[in-house]
Amino acid sequence: MKAERTFEEHEAIKAVRAIERTHLGLGRPTLGCAIAGWAKRCTYLIAPAGCGKSAILEALQPHFEETIEIVSMTRAGMGAKADQLSGFRGLVWVDDLGAVESAYIRQSLLVSLSELTYRHGISKDSGIFHFAIDSFNAGVVAAIQPTILKGLIRTNEWEANLSDKTLRLYHVIRPITPNAEPIKLLAAPQVDPRRVKYEEVLCPAYTGLMDMAVTQWGRTRVKLHLEEMLKVTASLDGSKVVRSVDMSVLAHILRPMMLERHCLHRGGFEEKRSLNTE
């Protein structure tokens, strides 16, 4: 009988360890963004300047058949990219939201990207201007500085359109001796994640993963997000079925999302939100 795969033998963990040897602290956020991208999620990579956000985005791009960079765009502005985004199956990335001209445009861009990944399309009809994007089935990764997130959390759009539909990975390690060499991501799905079999099993590994995920999402969304990311995690190790070791591996990689439990404070009924960046 074939021995069960161990945690350290998992290809995703090997990839994390390889990145950590050259770029300390970037292993988990890089794999987290990659897994979420392959799982067609909308991900915010939240880190101060100089912590490697751009390096992570550059490492992701060779692992997707197509990539689109969006710098600054309102929902109406997306009409110009409707043909390109319709049917798109790669990765959309935003490198620096701080460079976007206004808070309104940042909000409009993030809401539009969130709706695209969740509903697979958006449209706008103002009477004289109409466009529609459909069959969008891609991942999104947006690099965001904490000060930008702080303002975003105070908006009504946060609860209505963003909080439950996005994954937030926090990275707050600034290297003492930065490595200018590119990150090498030594992992990719070995089988089609859509063909990976998944059955929800209330084992300790899954329970721990779910308890961690509810720091950001309601339980209905937790099951939706985790199922897709677990399929990708299993596929990275060449497995056609999700195993308990895949749950432990994903929990290790997504652990940076738990920082939100300590820095995001809520009061009242979907109001009085604040992000402590001190």
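Residues numbered from 1 in each chain as written. Predicted model: local features only at pLDDT ≥ 70, side-chain atom pairs only at ≥ 80, totals over all residues. Heavy atoms only, no water.

(A) View of the overall build of the chain. Across its full length, the chain carries eleven helices and nine strands. Counting only C-alpha atoms and orienting by the principal axes, one finds that the chain spans roughly 65 × 45 × 40 Å. When burial is assessed residue by residue, the chain has 52% of its 278 residues classed as buried. Contacts spanning at least 24 positions in sequence make up 76% of the contacts within the chain whose residues lie at least 6 apart. When the accessible surface of the chain is split by element, carbon and sulfur atoms take 50% of a total near 13300 Å². Each charge class in the chain was averaged separately, 35 positive and 32 negative side chains, and the resulting centres sit 3 Å apart. (Helix = DSSP H or I, 4+ residues; strand = E, 2+ residues; numbered from the N terminus. Buried < 20%, exposed > 50% of the residue type's maximum accessible area, 1.4 Å probe, protein only. Contact = heavy atoms within 4.5 Å. Areas by Shrake-Rupley, 256 points an atom, 1.4 Å probe, with all protein chains shown as cover. Lys, Arg positive; Asp, Glu negative; His and termini not counted. Charge placed at Lys NZ, Arg CZ, Asp CG, Glu CD.)

(B) Spatial organisation of the sheet that holds strand β2 (residues 67–69). One open sheet accounts for five strands, arranged β2-β3-β6-β1-β7; its pairing is parallel. Strands at the two margins of the open sheet, each flanked by one partner only, are β2 and β7 (166–170). When strand polarity is set aside, the average angle formed by the axes of neighbouring strands in this sheet is 20°. As judged from the three bridges shared by β2 and strand β3 (residues 91–94), these two strands associate in the parallel manner. Residue pairing across strands places Thr67 opposite Leu91, the latter belonging to β3. (Pairing = 2+ DSSP bridges. Axes fitted to C-alpha atoms, helices over the stretch in contact; angles between N-to-C directions.)

(C) Geometry of the state of the cysteines. Inspection of the entire model under this criterion finds zero disulfides. The thiol of Cys42 is unpaired, and the distance to the nearest cysteine sulfur, on Cys33, comes to 11 Å. Of all cysteine sulfurs, the one in Cys51 lies closest to Cys263, which takes part in no disulfide; the gap is 14 Å. (Disulfide = S-S within 2.5 Å.)

(D) Spotlight on the layout of surface pockets. The volume enclosed by the largest pocket comes to roughly 660 Å³. Forming the boundary of the largest pocket are 25 residues, of which Trp38, Ala39, Lys40, Arg89 and Asn137 lie nearest the centre. Of all the secondary structure elements, the ones that give two or more residues to the lining of the largest pocket are α5 (103–119) and α9 (219–236). A total of five residues in the lining of the largest pocket trace back to one element, the largest contributor, which is α9. Taken together, the residues that form the lining of the largest pocket break down as nine nonpolar, six polar and ten charged. By volume, the second largest pocket amounts to about 350 Å³. Taken together, 21 residues line the second largest pocket, and the ones lying closest to its centre are His23, Leu26, Pro175, Pro178 and Asn179. For the lining of the second largest pocket, a count of residues per class yields eleven nonpolar, seven polar and three charged. (1 Å grid on protein atoms, 1.4 Å probe; cavity = no way out; pocket = protein on both sides within 12 Å on 5 of 7 lines; lining within 4 Å. Points joined across faces, edges and corners; volume = space filled by probe spheres on them. Nonpolar A, V, L, I, M, F, W, Y, C, P; charged D, E, K, R; others polar.)

(E) Structural detail: the packing of helix α8 (residues 204–213) against α9. Between α8 and α9, the least distance of the axes is 10 Å, while the angle of their chain directions is 125°. Comparing their axes, α9 and α8 come out oblique. Relative to α9, the crossing made by α8 is right-handed. Along its contact with α8, which presents Tyr206, Leu209, Met210, Asp211 and Ala213, the element α9 presents Arg219, Val222, Lys223, Leu226 and Leu230. Here the contact of α8 with α9 is built from residues that sort into seven nonpolar, no polar and three charged. (Parallel < 35°, antiparallel > 145°, perpendicular 65-115°, else oblique. Left-handed = near helix turned anticlockwise from the far one by under 90°.)

(F) Helix α1 (residues 11–22), seen in detail. Over its twelve residues, α1 extends 17 Å from the first C-alpha to the last, a length consistent with the 16 Å expected when each residue adds 1.5 Å. All buried positions along α1 are accounted for by Ala12, Ile13, Ala15, Val16, Ala18 and Ile19. Contacts from the buried residues of α1 go to α2 (27–38), α9 and α10 (244–253). (Expected span 1.5 Å × (residues − 1).)

(G) Seen up close, unusual backbone geometry. Phi angles above zero are rare outside glycine, and Lys40 is one such case at about 65°. With respect to the helices, strands and loops of the structure, Lys40 is situated in the loop between α2 and β1 (42–46). Although it is not a glycine, His120 adopts a positive phi angle of roughly 70°. Tracing the chain through its elements places His120 in the loop between α5 and β4 (122–125). Since its relative accessible area comes to 36%, His120 is described here as partly exposed.

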